[in-house]
Amino acid sequence: MRLRTDKAAHEKLAARPERVVILDPDALTQLDHVATQSSLALEIGCGKGGFIKELAPHFPKTHFFAFEKFETILVKALLKYDQSPSPNITYVSGDATHLAACFKPLSIEDIYLNFSDPWPKARHEKRRLTYPTQLTHYHQLLKADGTLHLKTDNRSFFYYSLIALQANGFAITDFTTDLSHSDWFNVPTEFEARYTPTTPIHALKARKQV
Ligand SMILES: C[S@@+](CC[C@H](N)C(=O)[O-])C[C@H]1O[C@@H](n2cnc3c(N)ncnc32)[C@H](O)[C@@H]1O
């Protein structure tokens, strides 16, 4: 079901500067100064925010930045946040293709990509969040032992990402082709909760190679 556009979404996000950063692509600035902790992690494409809201309290010494490019969707994440606030989350309204300008190199411990849009058509490959240009940004931002975590219901996107990661400075340290029947620590996302019963979830962890 398509989400109806919230015409007041921008104002709702702008009214929460303590929790939401609205990216201005023409005036990108570093975001690390808003973090409450020195250890930093990113979720790219947080959607309605269920994952980050559940994960962040497990890691109180890490500050999480959750990027989402659609304001209407990010408002949903903010509503969810308000039900059980956690001081170590900042929501970033904007396109994560700009993230290299938002953090210092070697400053991020973990990056989470959950059910990223697979963009299956070859002519849309550059839009994939694991396209080599994006992977170069992640590589630049991650600390020497930093980890990228990916999960998806799309098998083709999974193997595309697995190969692209290895070709762009990452080593796959673990993977599963059936996350729900694995012993991995897992915080389900909204998208995952909808699809898990019928579709095996593929997941991997990739460590930055230096
Ligand atoms: C299929 S949804 C998954 C949402 C959530 N991760 C989940 O698993 O429930 C993908 C989300 O990524 C967001 N997204 C895709 N590309 C993005 C980008 N370049 N920057 C920020 N958000 C992005 C989309 O707007 C969408 O909300």
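Anything mentioned here points back to the structure above.
Since this is a predicted model, take the numbers as computed values, not measurements.

Chemist: Break down the overall build of the protein chain for me, citing the residues and quoting the values.
Modeler: When helices and strands are tallied, the protein chain shows six helices and eight strands. Written out in order from the N terminus, the α and β elements of the protein chain read α-β-β-α-β-α-β-β-α-β-α-β-α-β. For the protein chain, the C-alpha radius of gyration of 16 Å lies close to 17 Å, the compact-globule estimate for 210 residues. In terms of overall dimensions, the protein chain has a C-alpha envelope of 40 × 40 × 35 Å along the principal axes. Burial analysis of the protein chain (210 residues in total) assigns 46% to the buried set.

Chemist: An account of the site of the ligand is needed here, citing residue identities and associated values.
Modeler: Near the ligand lie 18 residues; those nearest to it are Gly45, Glu68, Asp95, Ala96 and Thr189. In the model, an oxygen atom of the ligand is placed 2.6 Å from a nitrogen or oxygen of the Glu68 side chain. The separation between a nitrogen atom of the ligand and a polar main-chain atom of Ala96 is 2.8 Å. Summarising the interface, the protein chains cover 90% of the accessible area of the ligand, which totals 600 Å² for the free molecule.

Chemist: Before we move on, can you summarise unusual backbone geometry with the specific residues and values?
Modeler: Even without glycine at this site, Leu106 takes up a positive phi of about 60 degrees. Relative to the assigned elements, Leu106 resides in the loop between β4 (89-93) and β5 (108-114). The phi angle at Phe115 is positive, at roughly 55 degrees, despite the residue not being glycine. Checked against the element boundaries, Phe115 lands in the loop between β5 and α4 (132-141).

Chemist: Describe the environment of Leu113, naming the residues involved and giving the relevant values.
Modeler: Tracing the chain through its elements places Leu113 in strand β5. Judged by its relative accessible area of 0%, Leu113 falls in the buried class. Counting along the chain gives 71 residues from Leu113 to Leu42, while the straight-line C-alpha distance between them is 8.7 Å. Beyond its immediate sequence surroundings of up to four residues, Leu113 is in contact with Ile44, Leu129, Thr130, Tyr138, Leu148, His149, Leu150 and Lys151.

Chemist: Before we move on, could you go through the pairing of β5 and cite the residues and values that matter?
Modeler: By the criterion of burial, β5 is predominantly enclosed, with five of the seven residues buried. Of the strand pairs in this sheet, strand β2 (residues 39-44) and β5 are connected by five bridges, and their pairing is parallel. When the bridges of β5 are listed, Ile44 appears paired with Leu113. As judged from the six bridges shared by β5 and strand β6 (residues 142-152), these two strands associate in the parallel manner. By the bridge assignment, Ile108 is partnered in β6 with Leu142.

Chemist: How would you explain the pairing of strand β3 (residues 62-68) if you had to name every residue and give the values?
Modeler: Counting buried residues in β3 gives seven out of seven residues, a clear majority hidden from the surface. With burial as the criterion, each face of β3 is covered, one bearing Thr62, Phe64, Ala66 and Glu68 and the other bearing His63, Phe65 and Phe67. As defined by bridge partners, β2 adjoins β3 across six bridges and the pair is classed as parallel. When the bridges of β3 are listed, Ala41 appears paired with Phe64. Once you follow β2 into helix α2 (residues 50-55) and on to β3, the crossover reads as right-handed. Two strands pair when backbone bridges link them, and β3 and β4 are joined in this way by five bridges, in the parallel orientation. Counterpart to Phe64 in the pairing with β4 is Ile89.

Criteria and cut-off values
- Residues numbered from 1 in each chain as written.
- Predicted model: local features only at pLDDT ≥ 70, side-chain atom pairs only at ≥ 80, totals over all residues.
- Heavy atoms only, no water.
- Helix = DSSP H or I, 4+ residues; strand = E, 2+ residues; numbered from the N terminus.
- Rg over C-alpha atoms; globule rule 2.2 N^0.38 Å.
- Buried < 20%, exposed > 50% of the residue type's maximum accessible area, 1.4 Å probe, protein only.
- Near = heavy atom within 4 Å.
- Polar contact = N/O pair within 3.5 Å; in protein donor to acceptor, adjacent residues only side chain to side chain.
- Areas by Shrake-Rupley, 256 points an atom, 1.4 Å probe, with all protein chains shown as cover.
- Contact = heavy atoms within 4.5 Å.
- Pairing = 2+ DSSP bridges.
- Right-handed = clockwise from strand over helix to strand, strands pointing away.

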